[in-house]
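# Close look at the chain arrangement
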Amino acid sequence: MSQECPCGSGLELAKCCGPYISGEAVAPTAEAVMRSRYTAYVLKELDYLKATLAPEAQTDHDEESVRKWAETAEWLGLTIHDTWAGLQGDEAGIVEFTAEYAIDGENQKHRERSRFHFMDGKWLYVDGQMVAGPPIRKEPKIGRNEPCPCGSGKKYKKCCGR
């Protein structure tokens, strides 16, 4: 029985990220490395996670925290939002993604814009920046024609909404 790849591609693991993680093939794009790194977290393939780090990222690599995160998280899915370059023939690429997971039953989302470099014939993870989601509005939105909440008696658009 075949297993679907955790990266969300819809392909079988053996025809998607599996060959990259096992070392049978090299991921051809930055996105393929991103997907296979997510899959490596799901499968707890910690050696692959370290092997896909660029030399400058290896210095900050904390194997114990990576192992703990991989083992304690219940991995719920990966969404690729966008990619910039990172194709065959490119030297660098960026992949923006959200990895969803749960720890102790609490759902979390990790949204990141990751940088990759093509070095020595393979794509490697360099670093990433967290990306904030849309702002969370705690109060209901004030309509332009509603009374201004400042108490002036004017419409919002003629008062504080200017």
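How each quantity is defined
- Residues numbered from 1 in each chain as written.
- Predicted model: local features only at pLDDT ≥ 70, side-chain atom pairs only at ≥ 80, totals over all residues.
- Heavy atoms only, no water.
- Pairing = 2+ DSSP bridges.
- Helix = DSSP H or I, 4+ residues; strand = E, 2+ residues; numbered from the N terminus.
- Domains from an automatic or database assignment.
- UniProt positions renumbered as here; feature names shortened; annotations may be inferred.
- Salt bridge = Lys/Arg side-chain N within 4 Å of Asp/Glu carboxyl O.
- Buried < 20%, exposed > 50% of the residue type's maximum accessible area, 1.4 Å probe, protein only.
- Phe/Tyr/Trp six-rings, centres within 6.5 Å; stacked < 30°, edge-to-face > 60°.
- Lys NZ or Arg CZ within 6 Å of the ring centre and 35° of its normal.

### Some remarks on the pairing of strand E4 (residues 122-130)
- With 8 bridges connecting them, strand E3 (residues 106-119) and E4 associate as antiparallel partners. Across the sheet, residue Phe 118 finds its bridge partner in E4, namely Trp 123.
- The hairpin formed by E3 and E4 contains 2 residues between the paired strands, and Asp 120 there has a positive phi angle of roughly 50°.

### Let's talk about the domain arrangement of the protein chain
- By domain assignment, the protein chain separates into domain 1 (13-131) and domain 2 (134-161).
- Placing a centre on the C-alpha atoms of domain 1 and another on those of domain 2 gives a separation of 44 Å.

### Quick notes on the UniProt feature "domain: YchJ-like middle NTF2-like" (unreviewed entry) in the protein chain
- UniProt records the feature "domain: YchJ-like middle NTF2-like" (unreviewed entry) for residues 29-128 in the present numbering.
- Annotated as residues 29-128, this span is 34% helix and 45% strand, and its ends, taken at the C-alpha atoms, are 17 Å apart.

### Concerning the pattern of salt bridges
- Enumeration according to the criterion identifies 7 salt bridges in this entry.
- Taking the shortest distance from any N to any O, the salt bridge between Arg 67 and Glu 71 comes out at 2.5 Å. One end of the pair, Arg 67, and the other, Glu 71, are both in helix H5 (residues 63-72), 4 residues apart, so they sit about a helical turn from each other.
- The exposure class of Glu 71 is partly exposed, given its relative accessible area of 43%.
- Linked through salt bridges whose partners overlap, the residues forming this network are Glu 64, Arg 67 and Glu 71.

### Here we look at the packing of aromatic side chains
- According to the stated counting rule, one finds 8 aromatic pairs in the structure shown.
- On the numbers, 5.7 Å between centres and 75° between planes, the contact of Phe 116 with Tyr 125 is edge-to-face.
- Under the relative-accessibility criterion, Tyr 125 is labelled buried at 14%.
- One aromatic cluster is present, formed by Tyr 38, Tyr 41, Trp 69, Trp 75 and Tyr 101 through successive ring pairs.
- Over the ring of Tyr 125 we find Arg 37; its NZ or CZ atom is 4.8 Å from the centre of that ring.

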